[in-house]
Each structure stands twice: as C-alpha cells, then as structure tokens.
Amino acid sequence: MGKIIAIANQKGGVGKTTTAVNLAASMAATKRKVLLIDLDPQGNATMGSGVDKYEVPATAYELLVDEKPLSEVVVKETAGGYHLVAANSDVTAAEVRLLDVFARELRLRNALKNYRDQYDFIFIDCPPSLNMLTVNAMAAADSVLVPMQCEYYALEGLTALVETINKLAAVVNADLKIEGILRTMYDPRNRLANDVSEQLKRHFGEKVYRAVIPRNVRLAEAPSFGTPVMYYDKSSTGAKAYLALAGEILRRSDKKQIKTAASV
C-alpha cells in the first residue's frame, strides 16, 4: 500500500512546492510509482510538472467536490515521470463548496482509498494556510513533511505547525505524524542558518533530514521551463540534493518495514 505524505508549512515561500515537484520526480526516477496531488489553487506544482493549469480537463475540484474517481482526474503524462492531480483557481471554489458537505474533511481520504495500492508514494502539495484543503490533506496522509528555512521566524512557524498537526491527529487522523523536517534554501555561510539548524537537531533529532536543500539558481529557474530541476540540470546542487532526500526517505521507509516485520 502506498505511503501518503503531505508536504505542508503554514508559512509561505519556504520551498514547499519546489520540494513537492522535485521529490516526486526524484522518486519516479528510482522507478517508484508516484502520484503528486496539487491542492494549492495557485497551481504552481501543476505548472512545474509541465502541465498547463489553464488547459487541464479536470482538477482536484472534480476529485473533492464532484467525487469523480481518481482515474478520471489524474494526468499521467508529466515532465517528471509521475502522475498528477492538477490544480488551478477552480480549487479555491472547492473549499467553499466543501463547507456544506457531510464529512467534508474526509473527501480526499475517501477518494484515495481504492487507489493507494497503485502507487509507492503519494505526495500532497498543500496550500500555505490551514484551510479545508489542508485539513483534507492531513486527514488523508500518513505523515507530514515540513520544508522550512533556517531563520528565526521559521522556528516560530514550525512550533505552530506541530501544534496544528497534534490537534488534527486528535480529531481527524489519529495516525498522523511528522515524517521529517527538511532544511531548504540553506546557506552554510550564514551564522543564523547554522544556529537554527542546530536548534532543530536538538529538538527534533532524527526527524531532521540529513539531506539539505541549498540555495540554487537552477532550482529557481526550472519551474519557468515546466520541468523538475533534475531534467533541467541534473548536475546542479539542487538536483543532487533532492535525489539525496529521496534516497534518505527510502532508507527510512525500509528500516521501518524491517522493524515492523521483526515485531510481528
């Protein structure tokens, strides 16, 4: 059964969508079957996957509101080699429509229920706010991957996000946990970045990924070409960093499976 990971941070501009697109592409490059769900009405993950958000026949709106089967909504041809549930401004209306729906926070979980075994990983790109779309993502996910910059305000935002995850776990998804914390836009020459990084490791230990995403021009350029960075410039530090992250997540997953098997 596929693992569902929500990529979320209530603070914007932390590399959330960049992580969603490039991690999905890196996993697909390792021959895993990957689905990326774009729940952000801005549709940046959709455009970054080489899919025109203005021309796509169906989006997350049809999946959540009209309850169309995933097979009728998914885009199978993307620049990153993964499947995609697209988003555009229509998804904004989905949040409003869901307010009057029974069990509205479970729409995404129910939509994925019969399709999990078709994928190794399902990544959900969440909006940079705690709204009904984000709640749907958290209710459907096994865990949350948190991208964050190593700066003072990011620490405050992380504390708030952890509290939110704990509250949602108590209400809509008892199994929800933090998958890992990813340091993004990292500059090792910056003293504050190093200080915050050390604080993160002290407080969250192994939850902090060893892989670090650096500030990289190629990462910033790739979305304008509608492609993940590994297909834009595979030798760039950004491409190598996301491949390293994918490898680290796979190793962690294998370790958990071995521990689970041993305890049975």
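To be clear, the structure that these remarks concern was listed above.
Caption draft 1: Quick peek at the side chain of S49. Along the polypeptide, S49 turns up in the loop between α2 (44–48) and α3 (60–64). On the accessibility criterion, S49 (0% relative accessible area) is buried. In terms of polar contacts, S49 uses its side chain to reach the backbone carbonyl oxygen of A45, at 2.7 Å. Apart from residues no more than four positions distant in its own chain, S49 is found in contact with V21, L36, T78, A79, G80, Y82, L84 and G226.

Caption draft 2: How the structure looks around the nonpolar core. L35, I37, L108 and L112 are the most contacted members of the largest nonpolar core, which totals 58 residues. Sort the elements by how many residues they give to this core and helix α8 (residues 152–171) lands first, with eight residues. Once you skip the residues sitting within four places of it in the chain, I37 turns out to touch V85, L108, L112, I122, F123, I124 and D125. One finds A24, A28, A241 and L250 within the second-largest nonpolar core, a separate group that totals 36 residues.

Caption draft 3: Here's a closer look at the packing of helix α5 (residues 90–98) against helix α7 (residues 132–140). Across the interface, α5 lies against α7 with an axial gap of 9 Å and an inter-helix angle of 80 degrees. Judged on the interaxial angle alone, α7 and α5 are roughly perpendicular. Along the contact surface, α5 presents V91, A94, E95 and L98, while α7 presents M132, L133 and N136. Along the lines of polarity and charge, the residues of the contact of α5 with α7 split into five nonpolar, one polar and one charged.

The rules we used
- Residues numbered from 1 in each chain as written.
- Predicted model: local features only at pLDDT ≥ 70, side-chain atom pairs only at ≥ 80, totals over all residues.
- Heavy atoms only, no water.
- Helix = DSSP H or I, 4+ residues; strand = E, 2+ residues; numbered from the N terminus.
- Buried < 20%, exposed > 50% of the residue type's maximum accessible area, 1.4 Å probe, protein only.
- Polar contact = N/O pair within 3.5 Å; in protein donor to acceptor, adjacent residues only side chain to side chain.
- Contact = heavy atoms within 4.5 Å.
- Core = buried A, V, L, I, M, F, W, Y, C linked by side-chain atoms within 4.5 Å.
- Axes fitted to C-alpha atoms, helices over the stretch in contact; angles between N-to-C directions.
- Parallel < 35°, antiparallel > 145°, perpendicular 65-115°, else oblique.
- Nonpolar A, V, L, I, M, F, W, Y, C, P; charged D, E, K, R; others polar.

So yeah, pure geometry; function would need other evidence.
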